[in-house]
Amino acid sequence: MSDLTCPACNSSKIQTVKVVRTHRAPLGRPKNYTADVNTCLECGEEGDFNSENSKEMKIAYLASGVELVRETISELRKHDMSPAFLDRVLGLERGTIAKWESGVDVPREAIPIMQFLKAFPWIAEAAEEGYTHEAVARVIRSYLLL
Ligand SMILES: [Zn+2]
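Residues numbered from 1 in each chain as written. Predicted model: local features only at pLDDT ≥ 70, side-chain atom pairs only at ≥ 80, totals over all residues.

1. Things to note about the overall build of the chain
Phase 1 of the analysis: Looking only at helices and strands, the chain features 6 helices and 3 strands.
Phase 2 of the analysis: Taken over C-alpha atoms, the radius of gyration comes to 22 Å for the chain, far larger than the 15 Å a tight globule of 146 residues would show.
Phase 3 of the analysis: With the principal axes as the frame, the chain shows a C-alpha extent of 65 × 30 × 20 Å.
Phase 4 of the analysis: A sequence separation of at least 24 residues applies to 58% of the contacts in the chain between residues at least 6 apart. (Helix = DSSP H or I, 4+ residues; strand = E, 2+ residues; numbered from the N terminus. Rg over C-alpha atoms; globule rule 2.2 N^0.38 Å. Contact = placed C-beta atoms within 7 Å.)

2. Points about helix α6 (residues 133-144)
Phase 1 of the analysis: Here α6 contains 12 residues, and its C-alpha end-to-end distance of 16 Å stays within 8% of the 16 Å for a straight helix at 1.5 Å per residue.
Phase 2 of the analysis: Within α6, only 1 of the 12 residues are buried, which leaves it mostly out in the open. (Expected span 1.5 Å × (residues − 1). Buried ≥ 20, exposed ≤ 12 C-beta atoms within 10 Å, placed from the backbone.)

3. Some points on the sheet that holds strand β1 (residues 14-23)
Phase 1 of the analysis: Read across the open sheet, the 3 strands follow the order β1-β2-β3; overall the sheet is antiparallel. The sheet terminates laterally at β1 and β3 (46-47), the two strands that pair on one side only.
Phase 2 of the analysis: As defined by bridge partners, strand β2 (residues 31-40) adjoins β3 across 2 bridges and the pair is classed as antiparallel. Pairing of T39 across the sheet is with E46, part of β3. (Pairing = 2+ DSSP bridges.)

4. A look at the environment of L4
Phase 1 of the analysis: Tracing the chain through its elements places L4 in the segment before β1.
Phase 2 of the analysis: Other than its neighbours up to four places away in sequence, L4 contacts S12, I14, N38, F49 and N50.

5. As for the nonpolar core
Phase 1 of the analysis: Core analysis: the largest hydrophobic core is formed by 14 residues, its most contacted members being V69, W100, A110, I111 and M114.
Phase 2 of the analysis: Secondary structure elements with two or more residues in this core: α1 (53-78), α3 (96-102) and α4 (110-119).
Phase 3 of the analysis: For A110, the residues in contact, after removing those within four places along its chain, are V69 and W100. (Core = buried A, V, L, I, M, F, W, Y, C linked by C-beta atoms within 7 Å.)

6. Observations concerning the pairing of β2
Phase 1 of the analysis: In terms of strand pairing, β1 meets β2 through 10 bridges, oriented antiparallel. Bridging from a neighbouring strand, T22 pairs with N32 of β2.
Phase 2 of the analysis: Counted between consecutive antiparallel strands, the loop separating β2 from β3 contains 5 residues, among which G44 sits at a positive phi close to 90°.

7. Remarks on the packing of α1 against α4
Phase 1 of the analysis: Taken N-terminus to C-terminus, the directions of α1 and α4 make an angle of 40°; their axes are 9 Å apart at the nearest point. Judged by the angle between their axes, α1 and α4 are oblique. Considering how the two elements wind past one another, α1 and α4 form a crossing that is left-handed. Across from G65, L68, V69, T72 and L76 in α1, the residues of α4 making contact are A110, I111, M114, Q115, L117 and K118.
Phase 2 of the analysis: Taken together, the residues that form the contact of α1 with α4 break down as 7 nonpolar, 3 polar and 1 charged. (Axes fitted to C-alpha atoms, helices over the stretch in contact; angles between N-to-C directions. Parallel < 35°, antiparallel > 145°, perpendicular 65-115°, else oblique. Left-handed = near helix turned anticlockwise from the far one by under 90°. Nonpolar A, V, L, I, M, F, W, Y, C, P; charged D, E, K, R; others polar.)

8. Side note on unusual backbone geometry
Phase 1 of the analysis: Of note, L27 is a non-glycine position whose phi angle comes to about 75°, a positive value.
Phase 2 of the analysis: By the element assignment, L27 lies in the loop between β1 and β2.
Phase 3 of the analysis: Of the residues examined, L27 has 16 C-beta atoms within 10 Å and is grouped as partly exposed.
Phase 4 of the analysis: For Y131, which is not glycine, the phi dihedral falls at a positive 55°.
Phase 5 of the analysis: Within the secondary structure layout, Y131 lies in the loop between α5 (122-128) and α6.
Phase 6 of the analysis: Classification of Y131 as exposed rests on a count of 11 C-beta atoms within 10 Å.

Honestly, that's just the spatial picture; any functional story needs more than this.
Set out below in structure tokens:
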């Protein structure tokens, strides 16, 4: 791009190379995105001079996160936690988890919820019993013994 200038020396002699990088949501799988690497031909400064890469990173994060949401719901089914059960304990409208599992209209907020459930799946069982101390202690013990 001709409007790029070097942040170090203000030169407009910039070379841009496209590289493939990965980004991911925590606990999710990495997704590729194409990043611009700008190099100043005057002073050698290198980087993303006009922050073009953040949009691509965000897209990769969301792709990784949506996949994590779908896979976590699938894993929770194996622990006998159905979508209807998860709707109930998370206080979500009926059908929400099934919709997320299908990958349709997955809101960004679903990602941290499923990261939390992936890391601490027992919390859903404790939630079913109103997070009583006894319920939390019992489900933690049962998961630690697995
Ligand atoms: Zn420069």
